[in-house]
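# Analysis of the macromolecular model
Each chain, letter by letter, is given below.
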Amino acid sequence: MTRTIPSHIQTSINNRDVSLSRCWKVTRVDGATYGFTDHNVSLTINADGNGNVVYQPNLSFNTESMSVADEMEVDESTLTGIINSSVFTEDDLIAGRFDSAQLLYFLVDWQNPTLGVVKMLKGWFGQFERRDFGFSTEVRGLSQLLQNNIGSLYSNRCRSKFGDTGIGTSSG
């Protein structure tokens, strides 16, 4: 799948312009949404058409191990960070409030964020693990959803034996 890159951002990339910032939108299962950027001031961006989010400067993420591949590949990515009392509290991590949160990772021109974004990765967090001074979590790509079995498999041959407890009837 190819990425759509707005022309002004492509020009910035070609010219090795330093006005590009990385941003992360995190939406927890309970609907709470957080925005983070590696820029030094807050940015207000509507990255996915679902309304503006304020992306706060937060350098407590280490995304060096995040691989951004084709959107249909399972990315073997890990996000690590420092526990920051303003967002990722130890109590939140222990309670699992960020487990399975949706992640949108994108690039934006911080000089003019209204001109569009380059979506780099969309996926979900795995289970968070506490580390010495922070946390880590697996980032699961969209194709991870296709690898999960949902429901039962059916065929023309019955997979049950007479009297099995899973079929809802008894032999007696």
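Residues numbered from 1 in each chain as written. Predicted model: local features only at pLDDT ≥ 70, side-chain atom pairs only at ≥ 80, totals over all residues. Heavy atoms only, no water.

## Concerning the overall build of the protein
Check the secondary structure of the protein and you find 2 helices and 10 strands. Across the 172 residues that make up the protein, the buried fraction comes to 34%. Taking all contacts inside the protein whose residues are at least 6 apart in sequence as the whole, residues at least 24 apart take part in 50%. About 10800 Å² of surface is accessible on the protein, with carbon and sulfur atoms providing 48% of the total. (Helix = DSSP H or I, 4+ residues; strand = E, 2+ residues; numbered from the N terminus. Buried < 20%, exposed > 50% of the residue type's maximum accessible area, 1.4 Å probe, protein only. Contact = heavy atoms within 4.5 Å. Areas by Shrake-Rupley, 256 points an atom, 1.4 Å probe, with all protein chains shown as cover.)

## Some details on the side chain of D92
Mapped onto the elements, D92 comes out in helix α2 (residues 90-95). Beyond its immediate sequence surroundings of up to four residues, D92 is in contact with R28, V87, R97 and F98.

## Comments concerning unusual backbone geometry
Backbone geometry places S100, a non-glycine residue, at a positive phi of 65°. Following the sequence through the fold, S100 ends up in the loop between α2 and β7 (102-109).

## A short note on helix α1 (residues 7-14)
Of all the residues in α1, the buried ones are H8, I9 and S12. Looking down the long axis of α1, one finds its buried residues gathered within 100° of arc, a one-sided arrangement. Opposite its buried face, α1 presents the exposed residues S7 and N14, each directed more than 90 degrees away. Where α1 is buried, its residues contact β1 (20-27), β7 and β8 (117-125). A positive backbone phi angle near 55° is found at R16, which sits one or two residues after α1. (Arc of directions from axis to C-beta.)

## What about the pairing of β1?
Regular strands place side chains that alternate from one sheet face to the opposite one. The sheet contact formed by β1 and β7 spans 8 bridges and is antiparallel. Bridge pairing links V26 to L103 in β7. Both β1 and strand β2 (residues 33-37) contribute to a ladder of 5 bridges, which runs antiparallel. Bridging from a neighbouring strand, C23 pairs with T37 of β2. Joining the antiparallel neighbours β1 and β2 is a turn of 5 residues, in which G31 adopts a positive phi near 95°. (Pairing = 2+ DSSP bridges.)

## Structural notes on the pattern of salt bridges
Taken as a whole, this structure holds 7 salt bridges when the rule is applied. With its nearest N and O atoms 2.8 Å apart, the salt bridge here joins D38 to R22. Note that D38 is positioned in the loop between β2 and β3 (43-45) and R22 in strand β1, a separation of 16 residues in sequence. Here R97 ties to D92 by a salt bridge, and the two come within 2.7 Å at their closest N and O atoms. (Salt bridge = Lys/Arg side-chain N within 4 Å of Asp/Glu carboxyl O.)

## Let's talk about the nonpolar core
Residues V26, F88, F98, L103, F125 and F128 are the most contacted members of the largest nonpolar core, which totals 20 residues. Listing elements by their share of this core, those giving two or more residues are β1, β7, β8 and β10 (134-141). Top contributing element to this core by residue count: β8, with 4 residues. Those residues within four positions of V26 in sequence are excluded, and the remaining contacts are A32, T33, Y34, F36, F98, A101, Q102, L103 and F125. Formed by 10 residues, the second largest nonpolar core is a distinct cluster that contains I45, A47, V53 and F106. (Core = buried A, V, L, I, M, F, W, Y, C linked by side-chain atoms within 4.5 Å.)

## Quick notes on the side chain of K25
Within the secondary structure, K25 is located in strand β1. The contacts of K25, once residues within four sequence positions are left out, are T33, Y34, D48, N50, V53, Y55, Q102, L103 and L104.

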